[in-house]
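What follows is the residue order along each chain.
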Amino acid sequence: MKATFHGHACFVLERDGKRVIIDPFLTGNPAADIGPDKLPHLDGILLSHGHGDHLGDAVALSQKHQATIVATYELAQFCSDQGATSHGMHIGGAHEFPFGRVKLVPAFHGGRVEGDKTGRYTTNPAGIVVTIGGKSVYHTGDTGLTLEMQLLAGRIDLMLVPIGDNFTMGIEDAVRAVEFVKPKSVIPMHYNTWDLIKADPQEFRRRVGNAAAVTILKPGESYTLS
Ligand code: NI
Ligand code: MN
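Calculation notes
- Residues numbered from 1 in each chain as written.
- Chains lettered and ligands numbered in written order.
- Predicted model: local features only at pLDDT ≥ 70, side-chain atom pairs only at ≥ 80, totals over all residues.
- Heavy atoms only, no water.
- Buried < 20%, exposed > 50% of the residue type's maximum accessible area, 1.4 Å probe, protein only.
- Helix = DSSP H or I, 4+ residues; strand = E, 2+ residues; numbered from the N terminus.
- Arc of directions from axis to C-beta.
- Contact = heavy atoms within 4.5 Å.
- Phe/Tyr/Trp six-rings, centres within 6.5 Å; stacked < 30°, edge-to-face > 60°.
- Pairing = 2+ DSSP bridges.
- Donors = N, O, S within 2.8 Å, 3.2 Å for Na, K, Ca; no water.
- Tetrahedral: all angles 85-135°; square planar, octahedral: opposite > 155°, others 65-115°.
- Core = buried A, V, L, I, M, F, W, Y, C linked by side-chain atoms within 4.5 Å.
- Axes fitted to C-alpha atoms, helices over the stretch in contact; angles between N-to-C directions.

*Asks:* Even after reading the chapter, I still don't get helix 2 (residues 58–65), so can you show me in this structure?
*Replies:* Since the α-helix packs 3.6 residues into each turn, any two residues three or four apart lie on the same face. Three or more residues of helix 2 are buried, namely Ala58, Val59, Leu61, Ser62 and His65. Across the axial projection of helix 2, the buried residues extend over an arc of 165 degrees, all falling on one side. Looking at the buried residues of helix 2, the elements they touch are strand 4 (44–46), helix 1 (52–55), strand 5 (68–72), helix 3 (73–81) and strand 6 (85–89). After helix 2 finishes, the residue Gln66 shows a positive phi value of roughly 55 degrees.

Structure below.
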């Protein structure tokens, strides 16, 4: 499986010609390396939560690629009501899709949905565990450090973890999160998109030490899980 970083918290996972995108914030993302029109065909769109820097281009991409948006029930409903195809789930539930298995796990964060003028789509934010071809990727979503992460200990091949602080874990807690989850490898995310979430990924890598292999990706770069 190949994981390509597109800036902020957006990743594309690809295997055997099937592709899923997580948190497709490309339009208006100062860190994005490509626009939404440049993405190859997508089979699925996974959303951790409804904030604008995660929901991003999801609805338009769903329509363009006939790709299903997978999210918590309320956020999925919002996307459907905007004209997307969606599949609602909730924390603790897993489902098999043609591209792989998705399980939503807890994240501690805000639940507002960008563009919802009614407030009725407000939802729990989530972390996402995607299993494709026997490899499990854990995108924590936006979250603080939580003990729930320990439930995933030893079950994750690749962890995508925020280090930018202010809205999510900073480096210190992200290092503890890696200690909780014990993934084989880690890619830091959700930093340096704006000044408010400035962080040094080299410092993160140094502090993780031997606990896991940290790969620092620039937007547009890929990591292959072997
Ligand atoms: Ni957020
Ligand atoms: Mn965010």
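Once you've had a look at it, read on.
*Asks:* Hey, could you run me through the packing of aromatic side chains in this one?
*Replies:* Geometry of an aromatic ring pair is reported as the spacing of the ring centres plus the angle between the planes. A full pass over the atoms with the stated rule returns four aromatic pairs. Between Phe25 and Trp194 the ring centres are 6.1 Å apart and the planes differ by 35 degrees, which places this aromatic pair in the tilted class. Separated by 169 residues along the polypeptide, Phe25 in the loop between strand 3 (18–22) and strand 4 and Trp194 in the loop between strand 12 (185–189) and helix 5 (201–208) bring together distant segments of the chain. The buried category is assigned to Phe25, whose relative accessible area is 8%. Relative to Tyr121, the ring of Phe78 has its centre 5.0 Å away and its plane inclined at 75 degrees; by these criteria the two rings are edge-to-face. Within this pair, whereas Phe78 is found in helix 3, its partner Tyr121 is found in the loop between strand 8 (100–106) and strand 9 (126–132), the two being separated by 43 residues in sequence. The same class applies to Phe78 and to Tyr121, which are both buried.

*Asks:* Would you take a moment to explain the pairing of strand 7 (residues 94–97) for this structure?
*Replies:* A regular strand places its side chains on the two faces of the sheet in alternate fashion. The pairing of strand 7 with strand 8 spans four bridges and is antiparallel. By the bridge assignment for strand 8, His95 is matched with Val102. Between strand 7 and strand 8, which follow one another and run antiparallel, lie two residues.

*Asks:* Any chance you could explain the coordination of the nickel ion (ligand 1) here in plain terms?
*Replies:* Perfect tetrahedral coordination of a metal by four donors corresponds to 109.5 degrees between them, and perfect octahedral coordination by six donors corresponds to 90 or 180 degrees. The protein atoms donating to the nickel ion (ligand 1) are His49 (NE2), His51 (ND1), His109 (NE2) and Asp142 (OD), with metal-donor distances spanning 2.2 to 2.3 Å. Here the nickel ion (ligand 1) binds four donor atoms, and the angle range of 88 to 173 degrees at the metal identifies the geometry as irregular. Spacing between the donor residues of the nickel ion (ligand 1) along their common chain follows H-x1-H-x57-H-x32-D. Between the two metal centres, the nickel ion (ligand 1) and the manganese ion (ligand 2), the spacing is 3.3 Å, with Asp142 acting as a shared donor. Here the residue His49 occupies a position in the loop between strand 4 and helix 1, and Asp142 occupies one in the loop between strand 10 (135–139) and strand 11 (158–162), the gap between them amounting to 93 residues. On the basis of relative accessible area, His49 is assigned to the buried category, the value being 0%.

*Asks:* Where do I start with the nonpolar core in this structure?
*Replies:* As a rule of thumb, nonpolar side chains are buried together in soluble globular proteins. In terms of nonpolar packing, the biggest core is built from 26 residues, with Leu13, Leu46, Val102 and Val130 touching the most fellow members. Where this core is concerned, the elements lending two or more residues are strand 1 (2–5), strand 2 (11–15), strand 3, strand 8, strand 9, strand 11 and strand 12. Broken down by element, this core gets its largest block of residues, four residues, from strand 9. When neighbours within four sequence positions are excluded, Leu46 is seen to be in contact with Ile21, Ile22, Asp23, Pro24, Val70, Phe99, Val102, Ile128 and Val130. Membership of the second largest hydrophobic core comes to 24 residues, among which are Ile163, Val178, Ala212 and Val214.

*Asks:* In this structure, what is going on with the environment of Ile171? I would like to understand it.
*Replies:* Here Ile171 lies in helix 4 (residues 171–181). Relative accessible area serves as the criterion here: at 11%, Ile171 is assigned to the buried category. Separated by 36 residues in the primary sequence, Ile171 and Arg207 place their C-alpha atoms 8.4 Å from one another. Filtering out sequence-adjacent residues up to four positions away, Ile171 remains in contact with Ile163, Ala199, Asp200, Glu203, Phe204 and Arg207.

*Asks:* Any chance you could explain the sheet that holds strand 2 here in plain terms?
*Replies:* Within a sheet, each strand pairs with its neighbour through backbone hydrogen bonds, oriented either parallel or antiparallel. Pairing is mixed in the open sheet, where seven strands are placed in the order 6-5-4-3-2-1-14. The open sheet has two edge strands, strand 6 and strand 14 (222–224), and neither has a second partner. Going across the sheet, the axis of each strand differs from the next one's by a mean of 20 degrees, ignoring polarity. Bridging between strand 2 and strand 3 involves five bridges; their strand directions are antiparallel. Note on strand 3: the bridge partner recorded for Leu13 is Val20.

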